Amino acid sequence: MSQLTQLTPYLDELKTFYNNHTTLCRGIIASLVGVRVLKWLRAGVKKRQNDKKRKEYPQDTVILHHIGRGPYAPSLVPFAVKLETYLRMANIPYKCEHGYEKSSKHKYPWITYNGEDLADSSFIIHFLNQHLKVNLNSWMTDEQRAVATAFQRLVEDDLYWILVVTRWVNELNADFIRLVMGFPLAMFFVRTFMTRHVRTMCWAQGMGRHSQQDVQQIARKDLTALSNYLGKKKFLMGDKACEEDCAVFGQLSQIYWQMPSSINTIFKDEFPQLVAYCERMKDTYWPDWKECTTQGGTAEATR
């Protein structure tokens, strides 16, 4: 009798158990896969931390740490696009270092500057402004600065959560998830682990308590306010870009280029001025945009 024949009764018993306890078995399988993936991620982070300890960075150069290039925009993280746009706008020398190591605040992006690690895009910009005597808003009045700050809060404290809850919870796009995650069972991993975590965060913040129809209504109001104020101006506050344009562009870059969803459709169909604004920011500060993306997963980013 072959070994396979000897195993047949056990396989049949295992199959029967699975059919009778499908939910339990799937939970066990998901947990095993999750543990394996987490071990893989932690091993990668530990290796990068050890590499970082051995690495010496050039002086007076910002080392921008974030998760890497996106398929259609320079990063999947809007705050990384914001910060890198600022560095370009201010002509500050920088280099990107891609990886999954988070900052001391457990966020992306973060920077290393002359041996000092700094977290949170807004605090990083404030530090660089002070340290390097940068003032992209020197031409603005106090009233203009107040308005610009209000719109930054609009996009980063409201529109951002619309992006998060739509992309990772309400309108998961299987093709996009497989494209950005880049490993087998990506959709399974996202649904089982990431979506659950993000749903909890969005519920605590408040956006996750709304239906997607309500989320669309909130998005329309935010985008309408931004579009109406932009009007025929080239940038948020006039013919010259300001620091807050970096924040606005960071969030809009995700909705326009990297968010296959109802919000993306609303953005493209109903807000042509904001579409033109995104293209204008890209052309002005990202002449190498194509080289800073994976071009839909078909190429490796070279910048």
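Scroll up to find the structure.
In this text, all values refer to a predicted model and were calculated from it rather than measured experimentally.

Here's the deal with helix H6 (residues 174–181)
Within the span of H6, buried status applies to Phe176, Ile177 and Val180. In an axial view of H6, the angular spread of the buried residues amounts to 100°, which keeps them on one side of the axis. In this structure, the buried residues of H6 make contact with helix H5 (142–170) and helix H7 (186–205). Its side-chain oxygen 3.2 Å from the backbone nitrogen of aspartate 175, asparagine 173 forms the N-cap of H6.

Thoughts on the sheet that holds strand S1 (residues 62–66)
The four strands lie next to each other as S2-S1-S3-S4, forming an open sheet whose pairing is mixed. Each end of this open sheet is capped by a strand with a single partner; those strands are strand S2 (94–98) and strand S4 (116–119). Mean inter-strand twist for the sheet, computed between neighbouring axes without regard to direction, equals 25°. Note that strand S3 (residues 110–113) and S4 share four bridges and pair antiparallel. In the sheet register, isoleucine 111 faces S4, and the bridge partner there is leucine 118. Across the sheet, helix H3 (residues 78–89) lies against S1, S2 and S3, angled at about 160° from S1, the strand it touches most.

Rules and cut-offs
- Residues numbered from 1 in each chain as written.
- Predicted model: local features only at pLDDT ≥ 70, side-chain atom pairs only at ≥ 80, totals over all residues.
- Heavy atoms only, no water.
- Buried < 20%, exposed > 50% of the residue type's maximum accessible area, 1.4 Å probe, protein only.
- Helix = DSSP H or I, 4+ residues; strand = E, 2+ residues; numbered from the N terminus.
- Arc of directions from axis to C-beta.
- Contact = heavy atoms within 4.5 Å.
- Polar contact = N/O pair within 3.5 Å; in protein donor to acceptor, adjacent residues only side chain to side chain.
- Pairing = 2+ DSSP bridges.
- Axes fitted to C-alpha atoms, helices over the stretch in contact; angles between N-to-C directions.

What is shown is where atoms sit, not what they do.
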